[in-house]
Each structure stands twice: as C-alpha cells, then as structure tokens.
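Reading the structure
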Amino acid sequence: MTDNSDKIRSIVLAALMVFSVFAGTVAFAGTAAAAGNGSFATPDSSEQGADTNLEASFTVDSDDVDNNDHQEFRITFSGASNFDNGFASDIGSGDVTVSSTGASLDGKNVNSVEVSNEGATLDVTLDSSATLDEGDTITITVENSQFQNPSDDATYTGHIVVSPQSSYTGDSASADLEVTEATSGGAGTPSDVSANSAVHFDNDTSDSVTPVIEIAFESYVDLSGGQDFVVNFADGTTENVTETDYEQTDDGRVVLTVDELNSSTESVTVPHEAVGTDSDVDVDVTYAPVTVDASNKNSDVSNTSAYIGSNVVVRSDKVDKSFDFSGNVYSPTRGTGDHSKVFVIDTDDFSEGLIEVDTQDDGDVNAKISMETLGLSVSADDVKSDTDVTGTVEADDINRPIDVALVDSDDDVVDSTQVNLGSSGNADFTLANQSAGNYTVVATDVNTGVEATTDVNVTAAAEGAVTFTNDTYVVPQGGIANITLDVVGTTEGSLVIGQNQNSGYQANVTFVDEDEDGEVTIQFNSYEAGNQNAEVVNAAGEDTATLHTHTDLGSNDLLAEGGYDLAAVAGHESNGTKVFNSGESDFSSLGINPRSTDEMVLWTAPSSADADELLTSVTEDSTIASGDWVVHQVSATGLDGLVDSEGGLSDALDNGVNVTVEQTEETTRQNRQPKTLDVTEATEDGDLKLIADAENDSYYIALDTSTDAFERVDSSDTVTADGLSASTDEEFISTFTVYDEKLVGGTSDSDHESVNATFEVVAGTASLDETPVNVTAETNQTISGTSTLAPGTEIQVTVQSTDDTSPRFYNNPTATVQDDGTWNITMDFDEQSTGDTFSVSAGSYFDADGNVVESTTEATPTATPEPDTETATPEPDTETATPEPDTETATPEPDTETATPEPDTETPEDDTTTTTTPGFGVAVALVALLAAALLAGRRE
C-alpha cells in the first residue's frame, strides 16, 4: 500500500511541475501595460465592408508613466464577436503612423508592423523606445485604406495595448468600433448617372494577365439588380459580363473582369437599372496595352517598356490619386480623377526616353516607364481597279500580329486581313481589288494599338486588260515556269518572254481564256526553249496557247541562267516589239535560277499499299521488311522540263536520267556477282512505280522488295542468273543519276549528277512482348508486340479459348504496326475467370498460350519443377507450398544445367503447410514482455 502511495504522490508532483511551467508561460505572454480611455474612428467610411483608414487613440495614465520605456503598441479586435476583415495582410510600416499630442514621440517612426489573428490584431513597433507623458493622447493611424470594416453592421469592442510583450501588467484601453449598414453609396437610388471614363487594361503587372475594364461613374451606381454589362468589339461581336465578374470596389468605380485583353474593344453597354436612365447607356472604352504600378506599395520600380503610340495605364491603389511625372519625355502632374484608380497616358507624340512617376509627391519614384519605338511601317503600290492591293508591313520587333485594313475616302473599311511579323520583322499582305479612288492602308499592331498608314491610288483598268499576277516569276534552269495572268474584259491576250537585244532570247505567244474564268497560266518549258522542233509553251486547264516565234538556240543548248523581261497585252499580237512598246501592256520578269540534284531519302510502305496511295502510307526508314515497298524520294530541281518533254518520268529513264539498284559488296557472297535490278522488267511487272511531283521538285521510285526482277551480270554485261529476289539481310544501294547533256553541261561521267542511299532487306516478323500472354478478367486488356513490317501494316490476330475455358470465345482483331514498330490490340476478358486459358496467334508470325490471372503485376509463385532436361534445385524458402500429387510435382531427372531460384518474398495463399522464420514471433514477444512485467512487480 505504501508503494502505491509513493507512486501516486510522484505522479501528482510531476503534474504540478508541468502545470506550473505552463501557467508561467501563459502568464508572461499575457502581460500588458495599462492605458487610459481609448477610442476608434474610421474617418473614410463606417459602412460595413468598406476599405478605410483607422484611428486608434488613448490617453496616457499614471501607470504608463510609472512603467515607461515603451516601444510596442497593439490594436486588437480578437475578442470581438463575429469580427472579420480587419487589417490588410499586405500592410507595411509606411501605412501606419504613431503620434502624440505632447513631445513624447517626437522623432519616433514606425519600424515594423505585423498582422495576426486573421486580420483582427495589428502589432506596431517603433524604431526606438519612448517615454510617455501622463495626459498625452497617443494616436495610431492606419492609412491608405489598409483597414476593412467587418461585413456586418454592429458594435465591435477592441483594445489598445501598450508594450504587449513586456513584463509590465495592467489593463489595455478598450473602445467600441461602430460599423453601420451600407447605404448604397449614400446617394439613394441613382438617377441619370453618367460615366467619366472607361479603360480596358491589364490589372496584373506581373507575367500573368488579368484583363479588366474600369468604369468611373460620377457617383454611386446600383448593381443590386444583377444585370449584365455588354462589351462591344469593332467587328460587331460582343461579350456579356455577368454579376459574378463585376464589382463596385468604391462608390462609383465599377470593375469588369473580361475574357482577354483585346485591342478591338470599343465600348461597354451599361444596364439602365444601374445608372437610373430610361435605356441602356454605351460608354466608349480606351484600350491601354501597358500597365505600370505606381501605388505606394510597389516595391519594383524597374523600367516598364512601352512602345510610342500605345496607351499606358498608370495605376494607383486608391481613387482620386495624383501623379507627378518627370523626365525629358513627359513631366506634368496628372490624376486619376473621381472614382478611378488609373490615369491613361497618350504617347502618340512622344520620343524615346524615360518617364518617372512619383505618386506621393515626396520625391520617391514609384514607377518608371521606358518609351521605345516599335518602328511600325506599311508600304503599298498604286494599282489598277482589276488588281489586288498588295504591300508589306515592317517593324523593329518580331512575332507580332498586325491588323491591316483598307479604308476608303469615307473612312469605311472595305477590306481587312491580319498578318504576323515573322523572324525577319516583316510580312506581306493582300487586300481585294477596289473601284477607282483614293484609299488608305492602316496597319495596327494588335498588342499595342500602334498604327502606321500609307495612301494607295486605285485607277480604272482599261477595257480588255491583261496583267501579271506577280512582279516576277522564277524557275530553276530546265524547269517549267508557270506564268499566270489576269484577263479582264477579253478572252484573248499576248505574252512576250525575253527581248533578243537584252537577253539573247525572245518567245512571242498568244493565248485564249477558253473557260472565261479571267485567268490564264502559261507553262513555259525552259528545257525546250530555243528548240524549234519542241513544244515550248502550253496553257493550263482548258485554255490554249500558241508559240508564234522564238529564238533558235539549237536542240542541245539550255536557256541560260539570268533575267528575262516579260510583257503582256490584251488581244492577239505576234510582234513582240509592239507588245513591249504598247501603252496598254503590263510588265514583269522571269528569273532562270541554277538547278541541282540534291539528295535521296528512303521511305517504306506496307506491301498492301496501292500505287495511288503509296505517298500517303510512307514512313521514313532504310530497313525494309521483305515484301514491303521501299520508296526512294529524289530531290532535284529543273528536271520537270526534261520529264515533260519525254512524256513522263518512266519515259525519261534512260533518256537523261536513270535508276540502278545493286547489292552491296559486303552482303554479296564470295565468288558471285551482286544482284542488280532489271528496271525495265520490274516496271513491266508492276513492281516498280515512278511518281513525279514536279511542283515540289520531288521524284519517287517505289520498289516492291518481293520482286523477282533481280539478276546477276558478269563483267562482260552477260546475265548469268535472273528471276532472283532480294533475300533477308542483304543490302542494296540505289542510285539516281542525271546525265542529260543539256542539264549537266557535258557527256563524261564526271559531269553526271548522282544521289544514292542504301537499304537493308530484313525478314518480315511480328512477335509478342511476352509469352505466355497474361491478362486479368477485366475489360480493356492489352496484348502487344513488335514488328519489322512497315508502319501501317495490318496484322490479323486470333485470340481464342483453349482447354476447358468457359464461356468459350473467339476473336479476330486487327493490329496496325505503328511508326515505332509496335502493335497492340485491346480485348475484354470481363466474362472470363481466373485460371481460364486461351491462345494468341497471327498466321505464321506467332502462336502462344495465354492465361487469365489474378493480377498481371504479381510474381508467379515458385512451383516444384517438372521432369525436364533442366532441373531447378530450390533454396530453402520462408514460405513453401506443399505440391499437389499431379502435374505440379514430378521427380526431377539429372541434368547438366541446374538453376537455383532466388528466395520468394511473396506469401502464397495456401494454408496447408507453412514454415516460420526462426526466432520469436509477435505473440511470443508479447507474452515474454508480460512475464517480465509481472516478475518485476513481484520483486517489488
């Protein structure tokens, strides 16, 4: 009994020690200096929820004088019922002042402030301690609207505490804060309230964007009806702003949050209920793409860049704020005006330079604006009424969207487009042709609203006019030039290519716009130019063209590189000199540029691809499955003239160009000649397809790798074996050669131009990622694998039940080989059960077993090995399942290979036999501990 009493006594003493320490801590933290009578005032507004200043005052009494040396003050409403809002979380030392009616606080400034208790408590620390004089009134003022009245109208009792963290004890001064019900601006129901301004700007000066429209009304507006504001854009579209996206932050200041910053914002329609008018009111909106924060809280006064000509918003944190601007660019004093927090600077006439902004008129710079030049310009040529207006926009910046509009003399936009300045800082534009008159092209930078203009004079087109669509046309030497002309008021015209006296060549052509679509394209074959026996010109489509005369250059001379004058006129005129001298003619030029044979790129396509869909089925690859297509893409300029004159790419083979496919030396068996392709036979058999894409300077040679058109040829060009096919693991080098004398300028091998590429033929295979295939009894089970077949090849996969699986199933899904050589199918096994078996097969590619398992992520338990050529000697395992007397257990036979399986850490779900780990289990350990405890008690 004595022992028990001692134990109880010890516990009580320990508890008293803990409680005494805790009580001491609480007592220290709660001490505060005494203060006399206190008072609270909100001079800006006493209404519920209003942002306002707060004045907290108290009179110094004798206790404060007896316990002087004070540096800290506290204002707290933490005990007031239902108190919310309170001190702003971002309040700073510059937002609080502490003053005295006497001299006790002279020279004292606020060093720091701290908000706690969710805004209910403000601690203020001076830069040094002060001695207070009895009878003085101390006033702590929270400025810059950094206090928000609680949301309910009520009386809230707060306290002003002197030296709240000192050891001095006493009562704080208490006072009541009266919060009144909001009086809807104090103006009653609005009546015919007008708007002073509306500004569209980004209300976030960081990298984020918060697009808003601030409307500054002359007084309070009534938003209680919840009607929509409507934003109107220049293109006639609108955006509705609902009551969840607007608020009246101050009486008369309404802020709309909109979808995006949009330079085409023109006006806002204000609901008539809000302003007390008979109908809705449209307010014009000023767009400003750049915003600078000039509030007193702005800690980042680094330069904000703005382009000259764009509007700049200078934003304050309060309404009716003044700004002092300084610098050689702009230096007046301006203000936001009533019910607004922003001022807009119009920079149209500014020069480059720096503008500094002082919000408090205290000499401190709150923001800096660096004015820069965008350098936006626009140019356009005078045109005739049947010609589109074209021009170029340029700027000193890149990747900028530019709106381009054509404006008539009545200031109406008659056509418009948008271009984007590329990496070179310029962009071309085209606007529709217009009737005769004076027009202005207006280019507007979408992001800033900066504009540039140029005048365009449109004159009436003559009756029956033919004009060029381009100022110049270019073609590689030997290529076909497409010279397109607009035909107005007639169907006949004449074209002259070159002038003998200037370029040594001239062709006189007439044409007819047979389909009367107002356009004719003359196809001029520069490869045949000067050949009197060749067809040099054609007209595209149903139109017709006739070559009357052209300079004889001989059949072996190619039209030289350089520039050639072009002239066109309405009506048929075979005399080229008259066409050039006619006052009704239009002029352009043709440039003949150097040609080249550039490269060969290899692609593959499925064996099932038809010739007309080959180019839409290809994937770049040089390892080709046997039976798939290997597609050679030859990039060469200036070949289309030769190909056209020969009647096509097939006919051009061995007539200026050729193709060879020959086995590489490395993959040719010794003492044998390499396999070479008989191109003629392969073409006749349909195993070689030739496709010309002259418009893109590309020519395609597609070869079916299963062709038997390969042969062996000895050194005397004698065929020693034919009817051969490409075998797997053989490589072939394909070569495309241009040897036409006119194109390459000579007949020797050194003059020839060739490109080549090597491909390897591999076996077409498809395999599974794992065997056996394991799935779970769920939907959307994936069976996957890889293949060497061309991407796009379809593999027919058969999945069917085996053994006693029930219900039975049979599925025949199609897998498609992907670009990376993988394939997969998805099936539902949710009607099957764990333990069901099936097979997965695909023709000759694979045939594997499959199992429905509990989980595809768990390791398969180790089983006693079957009698096999390989015998596994299992290591002792912490959990060994007793094998059943069936196929699970067999007597292993001796083998030359013995694998020792690793111990399995997973627990098999089998309760028949379990071998436990040596040592104490949990239960034994608990019993041992209990016995030890009882023994210890007994000894006591």
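Per chain, the residues get numbers from 1 upward, laid out in the order the sequence is written. Given that this is a predicted model, residues contribute local features only at a pLDDT of at least 70 and side-chain atom pairs are listed and counted only at 80 or more, while totals for whole chains, interfaces and linings are drawn from all residues. Side-chain descriptors were evaluated using all non-hydrogen atoms of the structure, hydrogens and water having been removed beforehand.

Per an unreviewed UniProt entry, the protein is named PGF-CTERM protein/surface glycoprotein, and its organism is Halolamina pelagica. If you open the UniProt record of the protein and go to Sequence similarities (unreviewed entry), you find "Belongs to the halobacterial S-layer protein family." UniProt positions are given in the numbering used here, feature names are shortened, and annotations may be inferred rather than shown by experiment.

**Quick word on the sheet that holds strand 59 (residues 773–776)**
What the five strands build is an open sheet, ordered 59-67-66-62-63; its pairing is mixed. Each edge of the open sheet is held by one strand with a lone partner, namely strand 59 and strand 63 (810–811). A strand pair is defined by DSSP finding two or more bridges across the two strands. The numbering of helices and of strands both runs from the N terminus, where a helix is a DSSP run of H or I of at least 4 residues and a strand a run of E of at least 2. One ladder, built from five bridges, connects strand 62 (residues 798–802) with strand 66 (residues 837–842); its direction is antiparallel. Counted as the bridge partner of Thr-798 is Ser-841 from strand 66.

**Structural notes on the side chain of Asp-123**
Here Asp-123 lies in strand 7 (residues 121–130). With a 1.4 Å probe rolled over the protein chains alone, any residue whose accessible area is under 20% of its type maximum counts as buried; one over 50% counts as exposed, and the rest are partly exposed. The buried category is assigned to Asp-123, whose relative accessible area is 17%. Among the polar contacts listed, one links the side chain of Asp-123 to the side chain of Arg-74, at a separation of 2.6 Å. Between N or O atoms, a polar contact is any pair within 3.5 Å; within protein, one atom must be a potential hydrogen donor and the other a potential acceptor, and residues adjacent in sequence are included only when both atoms are from side chains.

**Considerations on the packing of aromatic side chains**
We call Phe, Tyr and Trp rings a pair once their centres come within 6.5 Å, taking the six-membered ring for Trp, and we label the pair stacked below 30 degrees between planes, edge-to-face above 60, and tilted otherwise. What the rule picks out here adds up to 20 aromatic pairs. Seen in terms of ring centroids, Phe-83 and Tyr-156 are 5.7 Å apart; in terms of plane orientation they differ by 80°. Their pairing is edge-to-face. Here Phe-83, found in the loop between strand 3 (70–76) and strand 4 (86–87), pairs with Tyr-156, found in strand 9 (residues 155–162); they are 73 residues apart in sequence, far enough to count as distant. Neither Phe-83 nor Tyr-156 differs from the other in exposure class; each is buried.

**Description of the sheet that holds strand 34 (residues 437–445)**
Taken in spatial order, the five strands line up as 29-35-34-31-32 in an open sheet, and their pairing is mixed. Of all the strands in the sheet, the pair left with one neighbour each is strand 29 (383–384) and strand 32 (413–420). Relative to strand 34, strand 31 (residues 401–407) is paired through six bridges, and the arrangement is antiparallel. Bridged to Leu-406 within strand 34 is Val-441.

**As for the environment of Thr-856**
By secondary structure assignment, the location of Thr-856 is in the loop between strand 67 (846–853) and strand 68 (870–872). Thr-856 sits 80 residues away from Thr-776 along the chain, and the two C-alpha atoms are 6.7 Å apart. Contact definition: two residues touch when any of their heavy atoms are within 4.5 Å. Those residues in contact with Thr-856, other than ones at most four positions away along the chain, are Asn-774, Val-775 and Thr-776.

**A look at the confidence of the model for the protein**
The share of residues in the protein with pLDDT of 70 or more is 84%, and the mean pLDDT across the chain is 84. For every residue, the predictor states its confidence as a pLDDT score lying anywhere from 0 to 100. Within the model, pLDDT remains below 50 along residues 1–5, and this stretch shows one contact once partners closer than five positions in the same chain are excluded.

**Details of the environment of Asp-428**
When you line up the elements, Asp-428 lands in strand 33 (residues 426–431). By relative accessible area, Asp-428 is classed as exposed at 59%. Distance in space between the C-alpha atoms of Asp-428 and Ala-380 is 9.7 Å, their sequence separation being 48 residues. In contact with Asp-428, other than residues within four places in its own chain, are Gly-391, Thr-392 and Val-419.

**Things to note about the side chain of Thr-637**
Along the polypeptide, Thr-637 turns up in the loop between strand 49 (629–636) and helix 6 (640–646). Every residue in contact with Thr-637, bar those within four places of it in the chain, is listed here: Pro-476, Pro-594, Arg-595, Ser-596, Asp-598 and Asp-697.

**Regarding the nonpolar core**
Of all hydrophobic cores here, the largest spans 38 residues; its most connected members are Leu-639, Val-657, Leu-677, Phe-710, Phe-736 and Phe-759. For Phe-759, the residues in contact, after removing those within four places along its chain, are Leu-602, Ser-622, Ile-624, Val-630, His-632, Val-661, Glu-730, Glu-731, Phe-732 and Ser-734. Here, nonpolar core means buried Ala, Val, Leu, Ile, Met, Phe, Trp, Tyr and Cys residues that are tied together by side-chain atoms lying within 4.5 Å of each other. In terms of nonpolar packing, the next biggest core, distinct from the first, is built from 34 residues, Phe-40, Val-96, Val-98 and Leu-122 among them.

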